[in-house]
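A structural walkthrough
Listed below are the residues making up each chain.
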Amino acid sequence: MIQTVIFDMDGVIVDTEPVHSYAYFQHFAELNINVTPEMFTTFMGFSTRNTFQKLKELFPIDQEVEDLIQRKRDLFNDAFDNKQDLTLLDGVEKLIKDLHANGIELIVASSASKVTIDRVFKRFGLYQYFSHIVSGEDFPNSKPHPAIFEFSADISISPKENCIVIEDSTNGVIAAKAAGIFCVGYNSEHSKMQDLSLADVVVNHFDELNFEKILKY
């Protein structure tokens, strides 16, 4: 029986991807590097550190990774604070409250930094529902490496077979399955370029999920 639900954050709980993309492409312009939208899509699910490590392999970038991370973070924070229309994704707050009210443990396992997760969770009052916040910045390898989900399952109240992951990205789904965890792929309007075919179940809206349905997985 499912006891723990592990949520990705970006693209599952809140769509900060446009803010991240805006910050990244502003930064790419400053660095004078030509990152195509197709190339950028392959970084979905990467931490900021892993993204810049990969970019330094592909482009002649002199700055240190730590400096690149900080500049991108500054650009993101400025954009985040000024974006008035940022909202939780449709139906996810109802799902979170339903699962929490029925005693399901909730964990967030996001490639985002702790600072970004904190900004989102404070803005939308989400801390009260989640037992653990796991950030990709604590792991040397980003999704599709399974480490973040393996760790999340280890610190949960459940054996791995009683956990599920909700993900919206190709790399996230691969990571969940590599960790040996049942994966629900969320096929949102923001994940149209993502391949969710490895997910055990794919939903198009959070109205398709609730406590009773999740117990059957």
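With that settled, consider the packing of aromatic side chains. Applying the stated criterion to the full structure yields 14 aromatic pairs. Three or more aromatic residues joined by ring pairs make a cluster, and in this case those are Tyr24, Phe25, Phe28, Phe40 and Phe52. The ring of Tyr24 carries Lys72 above its face, with NZ or CZ at 4.5 Å from the centroid. When the ring centre of Phe80 is taken as origin, the NZ or CZ atom of Arg123, which lies over that ring, is 5.2 Å away.

In this section: the side chain of Ser158. One can find Ser158 in the loop between helix H7 (147-155) and strand E4 (163-167). Classification of Ser158 by relative accessible area gives buried; the value is 8%. Among the polar contacts made by the side chain of Ser158, one reaches the side chain of Thr4 at a distance of 2.5 Å. With residues up to four places along the chain from it excluded, the contact list for Ser158 reads Gln3, Thr4, Glu105, Ala153 and Cys163.

Before going further, it helps to spend a moment on the packing of helix H1 (residues 17-31) against helix H4 (residues 65-82). Between two packed helices, both the angle of their axes relative to each other and the distance between the axes serve to describe the pair. H4 packs onto H1 with a crossing angle of 130 degrees between their chain directions and a minimal axis gap of 9 Å. One finds that H1 runs oblique with respect to H4. The handedness of the crossing between H1 and H4 is right-handed. Taken together, the residues of H4 that come into contact with H1 (itself represented by Val19, His20, Tyr22, Ala23, Tyr24, Gln26, His27, Glu30 and Leu31) are Leu68, Arg71, Lys72, Leu75, Phe76, Ala79 and Phe80. The residue makeup of the contact of H1 with H4, split by class, is 10 nonpolar, three polar and three charged.

Time to look at the sheet that holds strand E2 (residues 105-110). Read from one edge of the open sheet, six strands run E3-E2-E1-E4-E5-E6, paired in parallel fashion. Every other strand in the sheet has two partners, leaving strand E3 (132-135) and strand E6 (201-203) as the edge strands with one partner each. Ignoring which end each strand starts from, the neighbouring axes of this sheet average 20 degrees apart. Seen against the sheet, helix H5 (residues 92-101) touches strand E1 (4-7), E2 and E4 and runs at an angle of roughly 155 degrees to E1. The sheet contacts of helix H6 (residues 114-124) involve E2 and E3, and relative to E3 the element is tilted by about 140 degrees.

Tallying each qualifying case throughout the model produces 11 salt bridges. With a shortest N-O distance of 2.3 Å, Arg49 and Glu66 are connected by a salt bridge. Separated by 17 residues along the polypeptide, Arg49 in helix H3 (residues 48-58) and Glu66 in helix H4 bring together distant segments of the chain. For Glu137, the salt bridge identified is with Arg73, shortest N-O distance 3.7 Å.

For the rest of this paragraph, the subject is unusual backbone geometry. Here the amide bond leading from Lys143 into Pro144 is cis, since omega sits at 20 degrees, within 30 degrees of zero. With respect to the secondary-structure elements, Pro144 resides in the loop between E3 and H7. Non-glycine residue Asn32 carries a positive phi angle of around 60 degrees.

Here the focus is the packing of H4 against H6. Between H4 and H6, whose axes approach to 11 Å, the crossing angle comes to 10 degrees. When the axis of H4 is compared with that of H6, the two are roughly parallel. Taken together, the residues of H6 that come into contact with H4 (itself represented by Phe76, Asn77, Phe80 and Asp81) are Thr116, Arg119, Val120 and Arg123.

Restricting attention to buried positions, one finds in H5 the residues Val92, Leu95, Ile96 and Leu99. Buried residues of H5, seen end-on, are gathered within an arc of 100 degrees and therefore sit on one face of the element. When the buried face of H5 is taken as reference, the exposed residues oriented beyond 90 degrees from it are Lys94 and Ala101. Taken from the residues just after H5, Gly103 is the one with a positive phi, measuring 80 degrees.

Parameters and conventions
- Within each chain, residues carry numbers counting from 1 in the order of the written sequence.
- With the structure being a predicted model, the display of local features is reserved for residues of pLDDT at least 70 and the display and counting of side-chain atom pairs for 80 or more, all residues being used for whole-chain, interface and lining totals.
- Hydrogens and waters are ignored; side-chain quantities use all the structure's heavy atoms.
- Aromatic rings from Phe, Tyr and Trp, taking only the six-membered ring of Trp, are treated as a pair when their centres fall within 6.5 Å; an angle between ring planes under 30 degrees marks them as stacked, one over 60 as edge-to-face, and anything in between as tilted.
- Note on criteria: charge over ring means Lys NZ or Arg CZ within 6 Å of the ring centre, with the direction from the centre no more than 35 degrees off the ring normal.
- Think of it this way: any DSSP run of H or I at least four residues long counts as a helix, any run of E at least two long counts as a strand, and we number them from the N terminus.
- Exposure categories follow from relative accessible area, calculated using a 1.4 Å probe and restricted to protein chains: below 20% of the type maximum is buried, above 50% is exposed, and the middle band is partly exposed.
- For the purposes of these results, a polar contact is taken to be a pair of N or O atoms within 3.5 Å, where, inside protein, one atom must be able to donate a hydrogen and its partner to accept one; residues adjacent in sequence count only when each atom of the pair is a side-chain atom.
- By definition in these notes, contact holds between two residues if any of their heavy atoms fall within 4.5 Å.
- For helices, the axis comes from a line fit to the C-alpha atoms of the stretch in contact; other axes are also lines fit to C-alpha atoms, and the angle between any two N-to-C directions lies between 0 and 180 degrees.
- If an angle is under 35 degrees, it is roughly parallel; if it is over 145, roughly antiparallel; if it lies from 65 to 115, roughly perpendicular; otherwise it is oblique.
- Two helices cross in a left-handed way if the nearer one is turned anticlockwise from the farther one by less than a right angle. They cross in a right-handed way if the turn is clockwise.
- Ten residue types, Ala, Val, Leu, Ile, Met, Phe, Trp, Tyr, Cys and Pro, are classed as nonpolar, four, Asp, Glu, Lys and Arg, as charged, and the remainder, Gly among them, as polar.
- Being paired, for any two strands, means DSSP has found at least two bridges between them.
- What counts as a salt bridge is simple: a side-chain nitrogen of Lys or Arg found within 4 Å of a carboxyl oxygen of Asp or Glu.
- By arc we mean the arc of the directions from the helix axis to the C-beta atoms, nothing more.

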